[in-house]
Structure formats: structure tokens, C-alpha cells
Amino acid sequence: DAGVTQSPTHLIKTRGQQVTLRCSPKSGHDTVSWYQQALGQGPQFIFQYYEEEERQRGNFPDRFSGHQFPNYSSELNVNALLLGDSALYLCASSLGAGEKLFFGSGTQLSVL
Amino acid sequence: GENVEQHPSTLSVQEGDSAVIKCTYSDSASNYFPWYKQELGKRPQLIIDIRSNVGEKKDQRIAVTLNKTAKHFSLHITETQPEDSAVYFCAASKKSDYKLSFGAGTTVTVRA
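On a predicted model such as this, the values are computed, not experimentally measured, just so you know.

Draft legend 1. Region of interest: the state of the cysteines. All names here are of chain A. All told, the structure shown has 2 disulfides over all chains when counted by the stated rule. Between the sulfur atoms of C23 and its disulfide mate C91 the distance is 1.8 Å. Linking C23 and C91, the disulfide has an S-S dihedral of approximately -60° and is accordingly described as left-handed. Of the two residues, C23 sits in strand 3 (residues 19–24) while C91 sits in strand 9 (residues 87–94), which places them 68 residues apart along the sequence.

Draft legend 2. Geometry of the environment of S12 of chain B. Residue and element names in this part refer to chain B. With respect to the element layout, S12 can be found in strand 2 (residues 10–14). Note on S12: relative accessible area 43%, which makes it partly exposed. A polar side-chain atom of S12 sits 2.7 Å from a polar atom in the side chain of R111.

Draft legend 3. Geometry of the pattern of salt bridges. Scanning all chains against the criterion turns up 7 salt bridges over all chains. Here D49 of chain B makes a salt bridge to K100 of chain A, at a shortest N to O gap of 2.4 Å. In this pair, D49 of chain B is assigned in strand 5 (residues 45–51) and K100 of chain A in the loop between strand 9 and strand 10 (102–103), connecting two distinct chains. Accessibility expressed as a relative area gives 6% for D49 of chain B, which makes it buried. On the accessibility criterion, K100 of chain A (39% relative accessible area) is partly exposed. One network of salt bridges, with partners in common, ties together K100 of chain A together with D49 and K57 of chain B.

Draft legend 4. Here's a closer look at the nonpolar core. Counting 23 residues, the largest nonpolar core has I21, F33, W35, F73, L75 and Y88 of chain B as its most contacted members. Beyond its immediate sequence surroundings of up to four residues, Y88 of chain B is in contact with Q6, I21, Y36, K37, I47, L75, I77, G105, T106 and V108 of chain B. Formed by 20 residues, the second largest nonpolar core is a distinct cluster that contains V4, Y49, L76 and Y89 of chain A.

Draft legend 5. Region of interest: the sheet that holds strand 8 (residues 72–77) of chain B. Residue and element names in this part refer to chain B. The 5 strands lie next to each other as 1-3-8-7-6, forming an open sheet whose pairing is antiparallel. Each edge of the open sheet is held by one strand with a lone partner, namely strand 1 (4–7) and strand 6 (56–59). Across this sheet, the average inter-strand angle for adjacent strands is 15°, counted without regard to direction.

Draft legend 6. Molecular detail of the sheet that holds strand 1 (residues 5–7) of chain A. All names here are of chain A. Strand order in the open sheet made by the 4 strands is 1-3-8-7, with antiparallel pairing throughout. Taken across any chain shown, the strands that pair with only one partner, and hence form the sheet edges, are strand 1 and strand 7 (64–68). Along the sheet, successive strands turn relative to each other by an average axial angle of 20°, direction set aside. Inspection of the sheet shows strand 7 paired to strand 8 (residues 74–78) by 5 bridges, in the antiparallel sense. Looking across to strand 8, one finds that H67 is bridged to E75.

Draft legend 7. Summary view of the interface of chain B and chain A. Of the residues lining the interface, 17 residues belong to chain B; the matching set on chain A comes to 20 residues. A buried area of about 1700 Å², summed over both sides, lies between chain B and chain A, and 51% of it is on carbon and sulfur atoms. Three residues, R43, Y98 and F102 of chain B, lead the burial of chain B against chain A; their summed loss comes to 39% of the area buried on that side. In this assembly, chain B and chain A are joined by 1 salt bridge. For the pair chain B and chain A, the number of links is 10 residue pairs in polar contact (both at pLDDT 80 or more). Elements with a contribution of two residues or more to the side of chain B that touches chain A: strand 4 (30–38), strand 5 and strand 9 (86–94) of chain B. Among the residues making up the side of chain B that touches chain A, the classes are represented as 9 nonpolar, 3 polar and 5 charged.

Here is what the cut-offs are and how they apply
Residues numbered from 1 in each chain as written. Chains lettered and ligands numbered in written order. Predicted model: local features only at pLDDT ≥ 70, side-chain atom pairs only at ≥ 80, totals over all residues. Heavy atoms only, no water. Disulfide = S-S within 2.5 Å. Helix = DSSP H or I, 4+ residues; strand = E, 2+ residues; numbered from the N terminus. Buried < 20%, exposed > 50% of the residue type's maximum accessible area, 1.4 Å probe, protein only. Polar contact = N/O pair within 3.5 Å; in protein donor to acceptor, adjacent residues only side chain to side chain. Salt bridge = Lys/Arg side-chain N within 4 Å of Asp/Glu carboxyl O. Core = buried A, V, L, I, M, F, W, Y, C linked by side-chain atoms within 4.5 Å. Contact = heavy atoms within 4.5 Å. Pairing = 2+ DSSP bridges. Axes fitted to C-alpha atoms, helices over the stretch in contact; angles between N-to-C directions. Buried area = accessible area lost by both parts, 1.4 Å probe. Nonpolar A, V, L, I, M, F, W, Y, C, P; charged D, E, K, R; others polar.

Shape descriptors only; they carry no functional weight alone.
Put into C-alpha cells, the structure is as follows:
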């Protein structure tokens with residue numbers, strides 16, 4: 001049984017570029033949440049997707065957008081990258097609105 | 001929104017001793033409190049969680065206590081082992097919310 005998988009594992013971009021991160025949830029899970037974890041800090045909630053719609057959003061600008069596909073996988077898109085977007089981006093899946101989140105290993109994004 | 005504070009930020013203990021990490025939360029409506037362990041370069045993993053209708057929960061060497069009146073909860077690790085060395089995060093959420101609000105993390109080092 002595969003857990004939560006994310007790709008790519010590492011990514012280097014320059015300011016102003018756009019990036020797409022991908023996530024496949026744990027088998028049987030239908031809800032995907034995205035978190036940003038800056039170095040030395042706890043994860044910060046970006047948004048959650050359920051039934052292919054954004055169900056809740058954290059305090060992140062519109063440059064951050066997402067999508068969920070019929071097979072429950074999800075993408076996180078960030079436009080007009082800033083240096084401050086450099087962080088570990090974690091995807092977490094759950095069953096429904098269940099609180100027990102299972103995290104992926106993350107995508108380390110570096111913006112130069 | 002919910003604000004979770006975590007102390008201490010670093011904790012060094014001798015192997016075999018106990019470790020205690022404390023968190024406070026601001027929103028009295030919060031009713032779910034998980035703890036995650038994140039080893040260097042790896043994904044956060046849920047180690048124990050507690051709901052607001054329970055005051056204490058134990059799983060082998062790990063226990064969590066909750067004081068709803070004071071709005072704080074704690075993680076207790078007994079008989080610490082070198083493999084307990086990691087960053088530990090507390091988090092909180094409420095029933096009407098789909099996100100977890102995380103503390104800033106505690107780096108635990110177990111000295112052999």
C-alpha cells in the first residue's frame with residue numbers, strides 16, 4: 001500500500017517563474033491538503049481539496065492555486081515566484097474531513 | 001485564527017530520562033490535538049493524538065495530556081532512546097475547520 005507520494009523531491013526556480021508540484025494521496029483517501037514548511041518552522045496550511053474543489057484556504061495569496069483530479073491526486077501551482085516562497089511543500093491526505101493526516105515527504109523548492 | 005505556541009524549542013535529555021513538551025492554544029473551540037514526529041529529511045508522522053473529551057492518552061512510552069480549562073496540552077516521552085531524537089510538532093484543529101494549526105516545533109536530542 002503506497003503512502004502519500006510527491007514529485008518532484010527537489011526543485012530550483014528563479015524569481016518570477018511558475019512551478020507545479022504534484023501529489024498522489026494514500027490509497028483510500030479522498031482529501032488532499034497542502035502545507036508550506038519554512039526552515040525551522042511548523043507547517044502552515046495553504047488549502048484543502050475535496051471532491052475536486054477547494055474546501056478551505058489559509059492565509060496565502062492568489063499566486064498559490066491548486067487542483068484535484070477525479071483520481072484524488074492533486075497539484076499545487078505557484079505563480080510569480082518570490083524568494084520567500086523557498087520552503088518544503090508538504091502534501092497530506094486524509095479520508096473525508098478526517099483529522100488524521102498522512103504526509104508525503106515533500107518537495108523542497110528553492111527560489112533563486 | 002488559532003494560535004499554537006510550543007515550548008521548549010530545543011530539548012536535550014540523557015538516554016533513559018523523560019522528555020516533556022508543552023503547547024498552548026488560543027481557540028477554545030479546538031477539539032483535536034495531534035503530535036507529529038519529523039526526523040531529519042523525512043515526512044512528519046503522526047505519533048499520538050487526543051480529542052477534547054479525553055484528558056489523557058497513552059501509547060507505550062508516549063503519553064499526551066490535555067487541560068481544556070487552561071488550553072494547554074503536553075507530550076510525555078518516558079525512557080527516551082536515541083531513535084526518539086527528532087523534531088516534534090504539536091497541532092490543533094476544531095470541528096468546523098479543515099486545517100491543522102501547528103506549533104513551531106521542538107528539537108529533541110537524546111544523548112547516549
